[in-house]
Amino acid sequence: MAADHASELQSILDKQRKAFTASRPESLDVRRDRIKRAIALLVDHGDALCDAMSEDFGSRSRQQSMMTDIVGTINLGKYCLKHLDGWAKPEKRKLQFPLSLLGAKAQLRFEPKGVIGILSPWNFPVNLSIGPLMQVLAAGNRSMIKPSEFTERTSDLTKELVEKYFSEDEVAVCTGGPEVAHAFSSLPFDHLVFTGSTATGRKVMEAAARNLVPVTLELGGKSPVVLGRSANFEQAGERIAMGKMMNAGQICLAPDYMYVPEEREEGAIAAVELGVRNMYPTLLENDDYASVVTDRHFDRLQGLVADARDKGAEVIEINPADEDFSNTNARKMPLTILRNVTDDMQAMQEEIFGPVLPVKTYKSVGEAIDYVNANDRPLGLYYFGDDAGEREEVLTRTISGGVTVNDVLFHVSMEDLPFGGVGPSGIGSYHGPEGFREFSHARSVYTQSKRDIAGIAGFKPPYGKKTDKAIASQLKK
Ligand code: NAD
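All of these numbers come straight from a predicted model, not from anything done at the bench.

Scoring rules and cut-offs
Residues numbered from 1 in each chain as written. Predicted model: local features only at pLDDT ≥ 70, side-chain atom pairs only at ≥ 80, totals over all residues. Heavy atoms only, no water. Axes fitted to C-alpha atoms, helices over the stretch in contact; angles between N-to-C directions. Helix = DSSP H or I, 4+ residues; strand = E, 2+ residues; numbered from the N terminus. Parallel < 35°, antiparallel > 145°, perpendicular 65-115°, else oblique. Contact = heavy atoms within 4.5 Å. Nonpolar A, V, L, I, M, F, W, Y, C, P; charged D, E, K, R; others polar. UniProt positions renumbered as here; feature names shortened; annotations may be inferred. Pairing = 2+ DSSP bridges. Buried < 20%, exposed > 50% of the residue type's maximum accessible area, 1.4 Å probe, protein only. Polar contact = N/O pair within 3.5 Å; in protein donor to acceptor, adjacent residues only side chain to side chain. Near = heavy atom within 4 Å. Domains from an automatic or database assignment.

Focus: the packing of helix α3 (residues 62-88) against helix α4 (residues 127-138)
Helix packing geometry: the angle between the two helix axes and the distance between the axes. Relative to each other, α3 and α4 sit at 10°, their axes nearing to 9 Å. Regarding the angle of α3 to α4, the classification is roughly parallel. Residues Thr 68, Asp 69, Thr 73, Leu 76, Gly 77, Tyr 79, Cys 80, Leu 84 and Trp 87 of α3 form the contact with α4, whose own contacting residues are Asn 127, Ile 130, Gly 131, Met 134, Gln 135 and Ala 138. For the contact of α3 with α4, the per-class residue count stands at 8 nonpolar, 6 polar and 1 charged.

Quick look at the structure:
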């Protein structure tokens, strides 16, 4: 069975690589046409894809899906169309004196890598598969996509649509579970983009390493919120609630835990609670509020809360309409705030990825900085406050993939900013011009002068006094 997967996938890869090689050089118009087809796929079938996502989740707002998965991805495609000419232009590079006077030239060309694999997760199933595809195509590559098995309907529909808008040797979707995923990550791609958990990312990188396939890893982690004393608490509370409740916290960049001044802990929690109540007056029948994706994920989140409670945390459920969550199959879970958390609790050890928000307190903001630095470098970091000195202290003394100041999540939606993690939260990035470069090979091209450069410089054998003089002049401090 496993061998079947591998040979089937390998044959698609062979087909794509053969077509890639045969069609080079391709004009930028060919790339533009592919991006336009990917945009058309989303425009024409956005509604159907949103229906599939709602069914896969059990409940997920169509408007949210439209914003995060359809429109957000279309915008990345449009951004690529707008900037493609500029990105693809070869760059003239400087030469050591006096080579340019002697007629030599140096240039950097951005060339396609070939066939790029995209392995995507379930939480934003369209955005995280077709999103990277936009920049993969902009850079002139072909692509094979393996979407998540947890959002099966969306993955099947994506496959059907991609078959309609692309030939198999341009873009192909390969569906299946972990076995297919493993075979997929073992293919000798020219580059592999993986979005998912840190644990799976490690396996993907190991499999890719066997073929020396370069990787972009978009992983997860515990993204902290640091609430400064100068913050507007009410506004911060609403923004944190909005970021944490969107997709029921199932966002790689969701605020994972909150660090607040100790004397204002209650005010901070009250502000988040008010935000939840205003935006989500009810939860169970409210389509704006997503379900947790599967029973397994739901049980894990319940387990995190139970473990924290057992180890002494205070558990505060924000249940605006006092609904009974005990007898439902909807996998909906109210935002659950954990106070008095300690490092031995699972909620402080693993990425939460759901509507659970631990709160830690500090006397001085330096404690929050030390805590962030003592743990894995997070994907995102959020600072709220108007104190520029404190903001810079937090930013310059910590490291994270990206930052949003005075809100959460927003940096990922800025098309011109690269998005990615650092270390355990990821390797490489896309979005922005950096995404185009990530999926291109920067090829150095040096054109030699007609003059005898080595002879003039003294580097041509037989070595002698001229060589010694040239070396000595370069050893000068
Ligand atoms: P996951 O790691 O379980 O799965 C992601 C993909 O990997 C799926 O397509 C799956 O089939 C595949 N996979 C599973 N086992 C594999 C294996 N052994 N080898 C190769 N591939 C394998 O992640 P998930 O649960 O779908 O998504 C949630 C995680 O993704 C969270 O940790 C979240 O933070 C992260 N995430 C990161 C970003 C980002 O942009 N940085 C975005 C969304 C989600």
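Following the structure, the description resumes.
Description of the UniProt feature "active site" (unreviewed entry) in the protein
Per the UniProt record, "active site" (unreviewed entry) is found at Glu 218. Of note, Glu 218 is situated in strand β7 (residues 215-218).

Quick word on the UniProt feature "domain: Aldehyde dehydrogenase" (unreviewed entry) in the protein
Mapped onto this structure's residue numbering, the UniProt feature "domain: Aldehyde dehydrogenase" (unreviewed entry) falls at residues 5-445. With 44% helix and 18% strand, the stretch residues 5-445 has end C-alpha atoms that lie 39 Å from each other.

A closer look at the sheet that holds strand β16 (residues 440-447)
For sheets, the rule is that strands pair by backbone hydrogen bonds, running either parallel or antiparallel. Pairing within the open sheet is antiparallel, and its 3 strands lie in the order β1-β2-β16. Two strands close off the open sheet at either side, each with one partner strand: β1 (91-92) and β16.

Focus on the side chain of Ser 440
Structurally, the position occupied by Ser 440 is in strand β16. Its relative accessible area of 4% is what places Ser 440 among the buried residues. A distance of 2.7 Å separates the side chain of Ser 440 from the backbone oxygen of Phe 436, its partner in a polar contact. For Ser 440, the residues in contact, after removing those within four places along its chain, are Phe 110, Glu 111, Lys 113 and Ala 139.

Comments concerning unusual backbone geometry
Cis rather than trans, the peptide bond between Arg 24 and Pro 25 has omega equal to -5°. Its location among the elements puts Pro 25 in the loop between α1 (2-23) and α2 (28-57). Each neighbour pair has its own omega, and for Pro 461 with Pro 462 the value is -5°, a cis peptide bond. One non-glycine residue, Asn 340, lies in the positive phi region at around 55°. With respect to the element layout, Asn 340 can be found in the loop between β11 (335-339) and β12 (356-362). The class of Asn 340 is partly exposed, set by a relative accessible area of 46%. Unusually for a residue other than glycine, Leu 409 sits at a positive phi of about 65°.

A word on the site of the ligand
In the vicinity of the ligand there are 28 residues, among which Ser 120, Lys 146, Glu 149, Leu 219 and Glu 351 approach most closely. Contact distances for the ligand include 2.8 Å between an oxygen atom and a side-chain N or O atom of Thr 200. Elements with a contribution of two residues or more to the shell around the ligand: α6 (178-185), β6 (191-195) and α7 (198-210). Taken together, domain 1 (2-219 + 428-441) and domain 2 (224-418) each give at least three residues to the shell around the ligand, which thus spans both.

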